Amino acid sequence: MNITIHKAQLSNLVEVSKLFDAYRVFYKQKSDLSLALDFLTQRLENSQSVIFYAKNDQDEYFGFTQLYPTFSSVSACSTWVLNDLFVTPNSRGLGIGNKLLNKAKEFAQEKKSNGLALSTAKTNEKAQKLYESLGYEKDNEYLHYFLSL
């Protein structure tokens, strides 16, 4: 199967939003295709994220990743937060996650960023193995905090 990675545009967000909805359902959110499409449309219209998706020659969509820009005052350059990575359950194990991560890396390099940041559940050992196989390093120096509002 020939799967290629593409940068999402407003014109193909309907299909990408179906993947985004499935991703949110995976994280115990209620399915809401309208919310998914609205959210992604706002991100792209406002240049607040970059989305890459995987599809085959028959226009079947298999996964996506979404990157958000952030900046480092210390290094005085950008960093991209790889916030979302999703591959449909029936297409896992085909290297799609690897392709999406490599496209994200290529994009960050083109933008002359200092790196990609991501987080995953401590229990998600499969994802951790994938990330580490691609050179991502676990941060053992800093603690990360979050304030819920």
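Residues numbered from 1 in each chain as written. Predicted model: local features only at pLDDT ≥ 70, side-chain atom pairs only at ≥ 80, totals over all residues. Heavy atoms only, no water.

Help me out: how do you make sense of the overall build of the protein chain in this one?
The helix and strand inventory of the protein chain stands at four helices and five strands. Listing every helix and strand of the protein chain by position from the N terminus yields β-α-α-β-β-β-α-β-α. When its C-alpha atoms are laid out on the principal axes, the protein chain stretches across 45 × 35 × 35 Å. The 149 residues of the protein chain split such that 37% are buried. The long-range fraction of contacts in the protein chain, counting pairs at least 24 apart against all pairs at least 6 apart in sequence, stands at 55%. A total accessible area of about 9900 Å² is found for the protein chain, and carbon and sulfur atoms account for 51% of it. Side chains of the protein chain carry 17 positive and 16 negative charges; the gap between the two charge centres is 2 Å. (Helix = DSSP H or I, 4+ residues; strand = E, 2+ residues; numbered from the N terminus. Buried < 20%, exposed > 50% of the residue type's maximum accessible area, 1.4 Å probe, protein only. Contact = heavy atoms within 4.5 Å. Areas by Shrake-Rupley, 256 points an atom, 1.4 Å probe, with all protein chains shown as cover. Lys, Arg positive; Asp, Glu negative; His and termini not counted. Charge placed at Lys NZ, Arg CZ, Asp CG, Glu CD.)

Would you mind going over the packing of helix 1 (residues 13-26) against helix 2 (residues 33-45) with me for this structure?
Each packed pair of helices is defined by two parameters, the angle between the axes and the distance between the axes. Running from N to C, helix 1 and helix 2 cross one another at 115°; their axes reach a closest spacing of 8 Å. Considering how the two elements wind past one another, helix 1 and helix 2 form a crossing that is right-handed. Note on element contacts: helix 2 touches helix 1 through Leu33, Leu35, Ala36, Leu37, Phe39, Leu40, Thr41 and Leu44, opposite Leu13, Val14, Val16, Ser17, Lys18, Phe20, Asp21 and Arg24. Of the residues that constitute the contact of helix 1 with helix 2, the class distribution is 11 nonpolar, two polar and three charged. (Axes fitted to C-alpha atoms, helices over the stretch in contact; angles between N-to-C directions. Left-handed = near helix turned anticlockwise from the far one by under 90°. Nonpolar A, V, L, I, M, F, W, Y, C, P; charged D, E, K, R; others polar.)

Sorry, what's going on with helix 1 here?
Relative to the 20 Å expected for 14 residues at 1.5 Å per residue, helix 1 spans 19 Å between its end C-alpha atoms, a close match to the ideal helical length. Every buried residue belonging to helix 1 is among Leu13, Val16, Ser17, Leu19, Phe20, Asp21, Tyr23 and Arg24, and all of these are buried. Packing partners of the buried residues in helix 1 comprise helix 2, strand 2 (50-56), strand 3 (61-72) and strand 4 (77-87). Residue Lys28 follows helix 1 closely and has a positive phi angle near 65°. (Expected span 1.5 Å × (residues − 1).)

What exactly am I supposed to notice about the sheet that holds strand 2 here?
Read from one edge of the open sheet, five strands run 1-2-3-4-5, paired in mixed fashion. The sheet is open, and its two borders are formed by strand 1 (3-7) and strand 5 (116-117), each paired with just one other strand. In the sheet, strand 3 pairs with strand 4 via 10 bridges, with the strands oriented antiparallel. Each residue of the ladder has a partner; that of Leu67, found in strand 4, is Leu82. Seen against the sheet, helix 1 touches strand 2, strand 3 and strand 4 and runs at an angle of roughly 80° to strand 3. Across the sheet, helix 2 lies against strand 2 and strand 3, angled at about 45° from strand 3, the strand it touches most. (Pairing = 2+ DSSP bridges.)

Looking at this model, I keep getting lost on the pattern of salt bridges. Mind explaining?
Any two side chains of opposite charge can pair, given that their charged atoms come close. One pass over the full model with this rule turns up three salt bridges. Two residues, Asp59 and Lys55, come together in a salt bridge whose shortest N-O distance is 2.4 Å. The class for Asp59 is partly exposed, based on a relative accessible area of 46%. Residue Lys55 is classed as buried on the basis of its relative accessible area, which comes to 16%. (Salt bridge = Lys/Arg side-chain N within 4 Å of Asp/Glu carboxyl O.)

Would you explain the nonpolar core in this entry?
Side chains of a nonpolar character, in soluble globular proteins, are inclined to be buried together. Counting 20 residues, the largest nonpolar core has Phe52, Ala54, Leu67, Leu82, Ile96 and Leu100 as its most contacted members. The set of elements that each furnish at least two residues to this core consists of strand 1, strand 2, strand 3, strand 4, helix 3 (96-110) and helix 4 (125-133). Here the element with the most residues in this core is helix 3; it accounts for six residues. Ignoring any residue separated from it by four or fewer positions in sequence, one finds Ala54 in contact with Ile3, Thr4, Ile5, Glu60, Tyr61, Phe62, Gly63, Ile96 and Leu100. With 14 residues, the next largest nonpolar core counts Leu13, Ala36, Leu40 and Leu44 among its residues. (Core = buried A, V, L, I, M, F, W, Y, C linked by side-chain atoms within 4.5 Å.)

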